[in-house]
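In case you want the letters, here they are:
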Number of protein chains: 2
Amino acid sequence: MRRALAGLVLACGLAASGAAPAQEVLEKRVFEGGAYQTRGGATIANLRIGYQTMGRLNAEGTNAILICHFFSGNSHAFGRLSANGPAGYWDAIIGPGKPIDTDKYFVVSADTLVNVNVPDATTVTTGPASINPDTGRPYALTFPVVSMRDFVESQKRLLDSLGVKRLALVAGPSNGGLQSIEWAAAYPGFIERVMPVIAADIDAWMQGWLDLWESPIRLDPNWAEGNYYGPGREPPLRGLAEAWKIVTLHARDRLWAKQYDRRVPEGQDPARRIGDRFAIERWLDDAAAARARTSDANSFLYMVRANQLFLNEYPSFTAALAGGPARWLVVSAPTDRVFLADGVRDFIETLRGAGKQVETAELSGPLGHLNGVVGMGPVGDRVRAFLAQ
Amino acid sequence: MRRALAGLVLACGLAASGAAPAQEVLEKRVFEGGAYQTRGGATIANLRIGYQTMGRLNAEGTNAILICHFFSGNSHAFGRLSANGPAGYWDAIIGPGKPIDTDKYFVVSADTLVNVNVPDATTVTTGPASINPDTGRPYALTFPVVSMRDFVESQKRLLDSLGVKRLALVAGPSNGGLQSIEWAAAYPGFIERVMPVIAADIDAWMQGWLDLWESPIRLDPNWAEGNYYGPGREPPLRGLAEAWKIVTLHARDRLWAKQYDRRVPEGQDPARRIGDRFAIERWLDDAAAARARTSDANSFLYMVRANQLFLNEYPSFTAALAGGPARWLVVSAPTDRVFLADGVRDFIETLRGAGKQVETAELSGPLGHLNGVVGMGPVGDRVRAFLAQ
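Residues numbered from 1 in each chain as written. Chains lettered and ligands numbered in written order. Predicted model: local features only at pLDDT ≥ 70, side-chain atom pairs only at ≥ 80, totals over all residues. Heavy atoms only, no water.

Peer 1: How should I be thinking about the layout of surface pockets in this particular structure?
Peer 2: Where empty space is left in the structure can be found by rolling a water-sized probe over the atoms. Taken as a whole, the largest pocket encloses approximately 730 Å³ of empty space. Lining the largest pocket are 30 residues, and of these B:F70, B:S72, B:G73, B:N117 and B:R291 lie nearest its centre. Of all the secondary-structure elements, those providing two or more residues to the lining of the largest pocket are α6 (237-250), α8 (279-293) and α12 (371-374) of chain B. With three residues, the single largest contributor to the lining of the largest pocket is α6(B). In the lining of the largest pocket, the residues fall into 14 nonpolar, 13 polar and three charged. Per-domain counts for the lining of the largest pocket show at least three residues from each of domain 1 (5-202 + 311-388) and domain 2 (208-302) of chain B. Size it by volume and the second largest pocket reaches roughly 420 Å³. Counting residues per element, the ones that place at least two in the lining of the second largest pocket are α6 (237-250), α8 (279-293) and α12 (371-374) of chain A. (1 Å grid on protein atoms, 1.4 Å probe; cavity = no way out; pocket = protein on both sides within 12 Å on 5 of 7 lines; lining within 4 Å. Points joined across faces, edges and corners; volume = space filled by probe spheres on them. Helix = DSSP H or I, 4+ residues; strand = E, 2+ residues; numbered from the N terminus. Nonpolar A, V, L, I, M, F, W, Y, C, P; charged D, E, K, R; others polar. Domains from an automatic or database assignment.)

Structure below.
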């Protein structure tokens, strides 16, 4: 389950040997963090996470920016990892001359711990699918629980190893926004600006929804209490696909779904056959089945738990934010069905109540929550101005 | 699976023989509709649905009101079915002297086809758990698909049998609101007023969510493609409970969940043990497991499909509403997370675009969608005024 470093730097080699690419091809690197003690007190023998950078760190180590990824994402927030590969999810606002200007800033993005994209060759993570060196077999559910704060701690070690002394900005969408807030609470003196996007508090409502997301995995007999790794065993792809179906629809909006209104796939007759499907169901089935094949079910459970443990070391959301840095740009999508507009409003009020300087920006587009992942272009000028202050 | 009529009238008998009750005890009756051809063209040999009434039908048959129930409900919208039993879900607005005044109106409410409450002795329905007279065994998935229009048709036969010639109002929450709209489309000349509560169009977004609700049932090995009835077999209670968990949280709101914020049950340590639970998860587990024991999994699937087939015989939502009655009171909850405020707004605009006279009322309270089931009291005066016009 561990990725070989050789495979990961291939992209860089290709770029160097091929015809001049339109854009620099980035190298995906691996941070080897050694032994790591989790916030819960357990020890992970060998912490490894993948990361990518763009731009140059200045001599003082003070022009760095950290981008944190969403629930199902990885470090690929910007640039290309191969000459003809896709651009990162926030490439519209990160790069030379772009709002997060890599001619000025050294931008870093890392794979989280317990990242779900285990089968993906460009993701490097440490989680339940990793080999436990004590047994030579995957940890499965013996992997320790990690929290959002553990995500921050692993990234802090990475940044220390790179010589970063200060972050001009920490930012990210959704789970990445939560990481940004957790960073602001944990290391206020280290951070100048925070930009959480499509994120707010993880209250009991959100803890409950996260549980609903994961529950199909536990229903799949192939899950087998997490012991599905190894020869002769099948991963719980049906349960994992149903889990992704919930996430997939929840992260979108009814305006996006309009394209499937009153549509029925060829050969299907749901008005007469109970097993037949509507077009929206068929689309969800297919998208989720594909997503299940490129992800790991146990890692999904651990990622859910890390989200549920957002700011779990503080007595309240207000207390966690009290000591944080002064400048915030909170970006939200009014049609977000995951982090509801009411919750974002409460979050902004909490920040202002704590005396922070808070700007806000709203994302439009038909994609609901996902507007914050793939639709950041329109607020690029706001991001640029926020960094210029 | 069929309920004996004798058991159902027991409540009435108790009321007659006991000490004078504070309130009339209603009789739950059974409508025997005979053979019924579904809108999809299949035949159900023996249509049976339960119903209850309050008030008296006038000689002209024109003072009737029909109340349609929500997804997980039954005919018990008003009154008590036993001396010490609970009141119906809309009892705050239905009864003698109440906004829907049974001193003036003859109020009817019926169990739908494919009602989920099969194990409940006061629910009478025809669906996949019913005995197929051709085989002497439950239909399971051989039961024909029924649509929202089939719900209307079964109720129309009931109303005809009672001598009802006109409805002064058809109303209901959620699934009951959808039935009200379907009624308005099907029998415009029969209806004076329509009051859909916490309801709007079932677009592809909602069809997709309905699929997410039911998907855990299909994952449970006990479901066995619907063949779980009979000795030696176990119903898919785990999958059904997970389905109810989604419905239960979706039908509430984050303000309701606040009571569980940062709470962990005694003996649980979710920051250290991956299998441990937060308080909100434990509450959902317990509530859903209890609900699963009083419902039937196949009926849940058929109820989902009936909802997905809302207005399926019309080319568009606009076309369906064009010929309907003139007077509408649309009641919504701004914090409804099932029928989103945007969808309700579109629904109201469609009605007004079709030249209808539309009033609106909004429900407050922390319960989101459920405000329309248990929180109708505050809009009682609006309902009364609507009926007086």
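This is not the end of the story, as more comes after the structure.
Peer 1: Explain the side chain of A:H69 here, please?
Peer 2: All names here are of chain A. Within the secondary structure, H69 sits in the loop between β3 (64-67) and β4 (94-95). Engagement of the side chain of H69 in a polar contact is seen with the backbone oxygen of G73, the distance being 3.3 Å. Setting aside anything within four residues of it in sequence, one finds H69 in contact with N74, S75, Y89, A110, D111, T112, N115, P173, N175, G176 and Q179. (Polar contact = N/O pair within 3.5 Å; in protein donor to acceptor, adjacent residues only side chain to side chain. Contact = heavy atoms within 4.5 Å.)

Peer 1: So what exactly am I meant to see when it comes to the relation of the copies chain B and chain A here?
Peer 2: In this structure, two copies of a chain are linked by a rotation about an axis accompanied by a shift along it. For these two chains of identical sequence, chain B goes onto chain A by a turn of 180 degrees and a shift of 0.0 Å along the axis, with RMSD 0.0 Å. Both copies of the chain, as the preceding transformation shows, are related through a two-fold rotation axis. Of all interface residues in chain B, 100% are interface residues in chain A too; the two copies therefore contact each other through one and the same surface. (Least-squares fit on C-alpha atoms with pLDDT ≥ 70 in both.)

Peer 1: Please clarify how the pairing of strand β11 (residues 327-332) of chain A should be interpreted in this entry.
Peer 2: The side chains of a regular strand alternate, first on one face of the sheet and then on the other. All names here are of chain A. Most of β11 is tucked away: five of the six residues are buried. The pairing of strand β10 (residues 193-197) with β11 spans three bridges and is classified as parallel. Within β11, the residue paired with V194 across the bridge is W328. Pairing between β11 and strand β12 (residues 357-362): six bridges, direction parallel. Within the sheet, the bridge partner assigned to V330 lies in β12 and is T360. Taken together, β11, helix α11 (residues 341-353) and β12 constitute a β-α-β crossover, and its handedness is right-handed. (Buried < 20%, exposed > 50% of the residue type's maximum accessible area, 1.4 Å probe, protein only. Pairing = 2+ DSSP bridges. Right-handed = clockwise from strand over helix to strand, strands pointing away.)

Peer 1: Hey, could you run me through the UniProt feature "active site" (unreviewed entry) in chain A in this one?
Peer 2: Residues and elements named next belong to chain A. Sequence positions flagged by UniProt for "active site" (unreviewed entry) are, in local numbering, D336. Residue placement: D336 occurs in the loop between β11 and α11. Every residue in contact with D336, bar those within four places of it in the chain, is listed here: I198, G368 and H369. (UniProt positions renumbered as here; feature names shortened; annotations may be inferred.)

Peer 1: Please clarify how the pattern of salt bridges should be interpreted in this entry.
Peer 2: Pairing between side chains of opposite charge can happen when their charged atoms approach one another. In the structure shown here, the tally under the stated rule is 51 salt bridges over all chains. As a salt-bridge pair, A:E313 and A:R39 come within 2.7 Å of each other at their nearest N and O atoms. You can see A:E313 sitting in the loop between α9 (297-308) and α10 (317-322) and its partner A:R39 sitting in the loop between β1 (29-37) and β2 (43-54), a full 274 residues away along the chain. Where B:D203 meets A:R254, a salt bridge forms, and the shortest distance between an N and an O atom there is 3.6 Å. With B:D203 in the loop between β10 (193-197) and α5 (204-219) and A:R254 in helix α7 (residues 254-257), this residue pair bridges two chains. Connected via shared salt-bridge partners are A:D211, B:E242, B:K245, B:R277, B:E281 and B:D285. (Salt bridge = Lys/Arg side-chain N within 4 Å of Asp/Glu carboxyl O.)

Peer 1: Whenever I open this one, unusual backbone geometry confuses me. Can you help?
Peer 2: For residues other than glycine, phi is negative in most cases, and the peptide bonds are mostly trans. Unusually for a residue other than glycine, A:A140 sits at a positive phi of about 50 degrees. Checked against the element boundaries, A:A140 lands in the loop between β8 (137-138) and α3 (148-162). One non-glycine residue with positive phi stands out, namely B:R262, at about 60 degrees.

Peer 1: What's the story with the packing of aromatic side chains in this structure? I'm lost.
Peer 2: Remark: the centre distance and the inter-plane angle together describe each pair of aromatic rings, the angle taken between the planes. With the rule as written, the count across this model stands at 39 aromatic pairs over all chains. Note on A:W328 and A:F347: the rings are 6.2 Å apart at their centroids and 85 degrees apart in plane angle, and the pair reads as edge-to-face. Residue A:W328 is located in strand β11, and its partner A:F347 is located in helix α11; the two are separated by 19 residues in the primary sequence. Side by side, A:W328 and A:F347 carry an identical accessibility label, which is buried. Considering the side-chain rings of B:Y260 and B:W283, the 6.2 Å spacing of their centres and the 40 degrees angle between planes classify their relative orientation as tilted. Here B:Y260 is found in the loop between α7 (254-257) and α8, whereas its partner B:W283 is found in helix α8, with 23 residues between them in sequence. Classification of B:Y260 by relative accessible area gives buried; the value is 10%. (Phe/Tyr/Trp six-rings, centres within 6.5 Å; stacked < 30°, edge-to-face > 60°.)

Peer 1: Sorry if this is basic, but what is going on with the side chain of B:T112 here?
Peer 2: Here B:T112 is to be found in the loop between β6 (106-110) and β7 (131-132). The contacts of B:T112, once residues within four sequence positions are left out, are B:I49, B:H69, B:T125, B:F151, B:N175, B:Q179 and B:M303.

Peer 1: Sorry, what's going on with the environment of A:A292 here?
Peer 2: Residues and elements named next belong to chain A. With respect to the helices and strands, A292 occurs in helix α8. For A292, a relative accessible area of 2% corresponds to the buried category. In this structure the C-alpha to C-alpha distance between A292 and T102, which are 190 residues apart in sequence, comes to 34 Å. Excluding its chain neighbours within four sequence positions, the residues that come into contact with A292 are L237, L240, A241 and W244.

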